[in-house]
Amino acid sequence: MKNIETLEYLRDYCGDIRAAIERFENDKVIFDVDRDYRNSVCMSLLQSES
């Protein structure tokens, strides 16, 4: 059961990252200069490790 919950959390965080990419565009230059974009993606990655 714990493994399923972990996978569901990972799926949700991946969805958050996908939403950020759609919102801010899939552009490295924008990622490099937009702090909100970087923080959104990085926080989702950090949360997925817990």
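See the structure above.
Predicted model, so just to flag it, every value in this text is computed and none were measured. (Residues numbered from 1 in each chain as written. Predicted model: local features only at pLDDT ≥ 70, side-chain atom pairs only at ≥ 80, totals over all residues. Heavy atoms only, no water.)

### Thoughts on the overall build of the protein chain
Within the protein chain, the regular secondary structure consists of three helices and zero strands. The helix and strand sequence of the protein chain, counted from the amino end, reads α-α-α. For 50 residues, the compact-globule estimate of 2.2 N^0.38 gives 10 Å, and the C-alpha radius of gyration of the protein chain, at 12 Å, exceeds that figure by more than 25%. Scored against the burial criterion, the 50 residues of the protein chain give a buried share of 12%. As presented, the protein chain carries roughly 4300 Å² of accessible surface, and 54% of it is formed by carbon and sulfur atoms. Positive and negative charge centroids in the protein chain, built from 7 and 11 side chains respectively, lie 3 Å apart. (Helix = DSSP H or I, 4+ residues; strand = E, 2+ residues; numbered from the N terminus. Rg over C-alpha atoms; globule rule 2.2 N^0.38 Å. Buried < 20%, exposed > 50% of the residue type's maximum accessible area, 1.4 Å probe, protein only. Areas by Shrake-Rupley, 256 points an atom, 1.4 Å probe, with all protein chains shown as cover. Lys, Arg positive; Asp, Glu negative; His and termini not counted. Charge placed at Lys NZ, Arg CZ, Asp CG, Glu CD.)

### Focus: the side chain of S44
With respect to the helices and strands, the residue S44 is situated in helix 3 (residues 35–49). Using a relative accessible area of 7% as the deciding quantity, one classes S44 as buried. In this structure S44 touches Y13, D16 and I17, once residues within four positions along its chain are discounted. (Contact = heavy atoms within 4.5 Å.)

### Things to note about the nonpolar core
I17, A20, F24, Y37 and V41 together form the largest nonpolar core, which totals five residues. The set of elements that each furnish at least two residues to this core consists of helix 1 (2–24) and helix 3. Considering every element that reaches this core, the biggest residue donor is helix 1, with three residues. Ignoring anything within four residues of it in the chain, the contact list for F24 reads I30, D34, D36 and Y37. (Core = buried A, V, L, I, M, F, W, Y, C linked by side-chain atoms within 4.5 Å.)

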